[in-house]
Amino acid sequence: MFIGLLSHGTLERYYRAVHSGIGGITGIVLLFPFYGGIMGIMTGENADGISISTQVTEFFVNSASADSFPIFAFLSAGLVNVFVPSGGGQFAVQGPVMIPAGIELGVSPAITAMAIAWGDAWTNMIQPFWALPLLGIAGLDARAIMGYCLIVLAVSGAIIMSVFWLLV
């Protein structure tokens, strides 16, 4: 990204060059390097070995019981995914904290892993990277489908949490 920016001289010329190449998804594509930086901020540890992601996860863990833990794991994964859209790599951030906490509460590691995976996938509805190729082909930007994505987010979140509550 920085080599491209330097070769174009100004941010505006770089943006126009990228936009001419990929159209309506330019803004989203240019965000990927920044998401990498946010991931570093979220997972970077201080001198005591504590990161922002760990603190978010521990808040949910400390508020949970064996019955509610999968829902809290799901919600914490969704929250972390909003700031670090990882496409599934989020388990490396939350797994080391959530699996031992789930075991301590008597929750199967498989259920904890699935709750994290579903939470990660759930909030991808508001960051529709899955739709980038289709948006580019259709010449649309993400705003064109955002209303639909928010409805799917709300409905699927209620269904997923209900299933976790009933099955655990």
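Conventions adopted
- Residues numbered from 1 in each chain as written.
- Predicted model: local features only at pLDDT ≥ 70, side-chain atom pairs only at ≥ 80, totals over all residues.
- Heavy atoms only, no water.
- Helix = DSSP H or I, 4+ residues; strand = E, 2+ residues; numbered from the N terminus.
- Buried < 20%, exposed > 50% of the residue type's maximum accessible area, 1.4 Å probe, protein only.
- Contact = heavy atoms within 4.5 Å.
- Areas by Shrake-Rupley, 256 points an atom, 1.4 Å probe, with all protein chains shown as cover.
- Phe/Tyr/Trp six-rings, centres within 6.5 Å; stacked < 30°, edge-to-face > 60°.
- Bend = angle between axes of the 7 residues up to and from the residue.
- Core = buried A, V, L, I, M, F, W, Y, C linked by side-chain atoms within 4.5 Å.
- Axes fitted to C-alpha atoms, helices over the stretch in contact; angles between N-to-C directions.
- Parallel < 35°, antiparallel > 145°, perpendicular 65-115°, else oblique.
- Nonpolar A, V, L, I, M, F, W, Y, C, P; charged D, E, K, R; others polar.
- Left-handed = near helix turned anticlockwise from the far one by under 90°.

Colleague: Explain the overall build of the protein chain to me, using residue names and the numbers behind them.
Modeller: For the protein chain, the count of helices and strands is 9 helices and 0 strands. Secondary structure elements of the protein chain, listed N to C terminal, follow the sequence α-α-α-α-α-α-α-α-α. If one aligns the C-alpha atoms of the protein chain with their principal axes, the spans along those axes are about 55 × 40 × 20 Å. When each of the 168 residues of the protein chain is scored for burial, the buried share is 36%. Expressed as a percentage of contacts within the protein chain between residues at least 6 apart in sequence, the contacts between residues at least 24 apart total 64%. Looking at the protein chain as shown, the accessible area adds up to about 9300 Å², and 71% of this sits on carbon and sulfur atoms.

Colleague: Help me get a handle on the packing of aromatic side chains, residues and values and all.
Modeller: Evaluation of the coordinates by the stated rule reveals 2 aromatic pairs. Three or more aromatic residues joined by ring pairs form one cluster here, namely Phe 74, Trp 122 and Phe 164.

Colleague: Describe helix H6 (residues 91-105), naming the residues involved and giving the relevant values.
Modeller: For H6, the principal kink sits at Met 98 and spans about 25°; a proline, Pro 100, occurs within the next four residues. Taken as a whole, H6 has its buried residues at Val 93, Gln 94, Gly 95, Val 97, Met 98, Ile 99, Ala 101 and Gly 102. Following H6 by one or two positions, Gly 106 has its phi on the positive side, about 90°.

Colleague: Describe in detail the nonpolar core, supporting the description with residues and values.
Modeller: Core analysis: the largest hydrophobic core is formed by 17 residues, its most contacted members being Phe 69, Ala 73, Phe 74, Met 98 and Phe 164. Elements with a contribution of two residues or more to this core: helix H5 (69-83), H6, helix H7 (109-122) and helix H9 (143-167). Once residues lying within four places of it in the same chain are set aside, the contact partners of Ala 73 are Met 98, Ala 115 and Ile 116. Of all hydrophobic cores here, the second largest spans 5 residues; its members include Ala 131, Leu 135, Ile 145 and Cys 149.

Colleague: Any details on the packing of H7 against H9? Residues and values, ideally.
Modeller: It is the contact of H7 with H9, at a shortest axis distance of 11 Å, that shows an interaxial angle of 175°. The pairing of H7 with H9 is recorded here as roughly antiparallel in orientation. Contacts between H7 and H9 involve Ile 111, Met 114, Ala 115, Trp 118 and Trp 122 from the former and Leu 153, Ser 156, Gly 157, Ile 160 and Phe 164 from the latter. Of the residues that constitute the contact of H7 with H9, the class distribution is 8 nonpolar, 2 polar and no charged.

Colleague: Describe the packing of H6 against H7, and please don't skip the residues or the numbers.
Modeller: Each pair of packed helices can be described by the angle between their axes along with the distance between the axes. Between H6 and H7, the shortest axis-to-axis distance is 9 Å and the interhelical angle comes to 145°. Where H6 crosses over H7, the two elements pack in a sense that is right-handed. Counting all contacts with H6, which are made through Phe 91, Gln 94, Gly 95, Met 98, Ile 99, Gly 102 and Ile 103, the residues of H7 involved are Pro 109, Thr 112, Ala 113 and Ile 116. Residues belonging to the contact of H6 with H7 are distributed by class as follows: 7 nonpolar, 4 polar and no charged.

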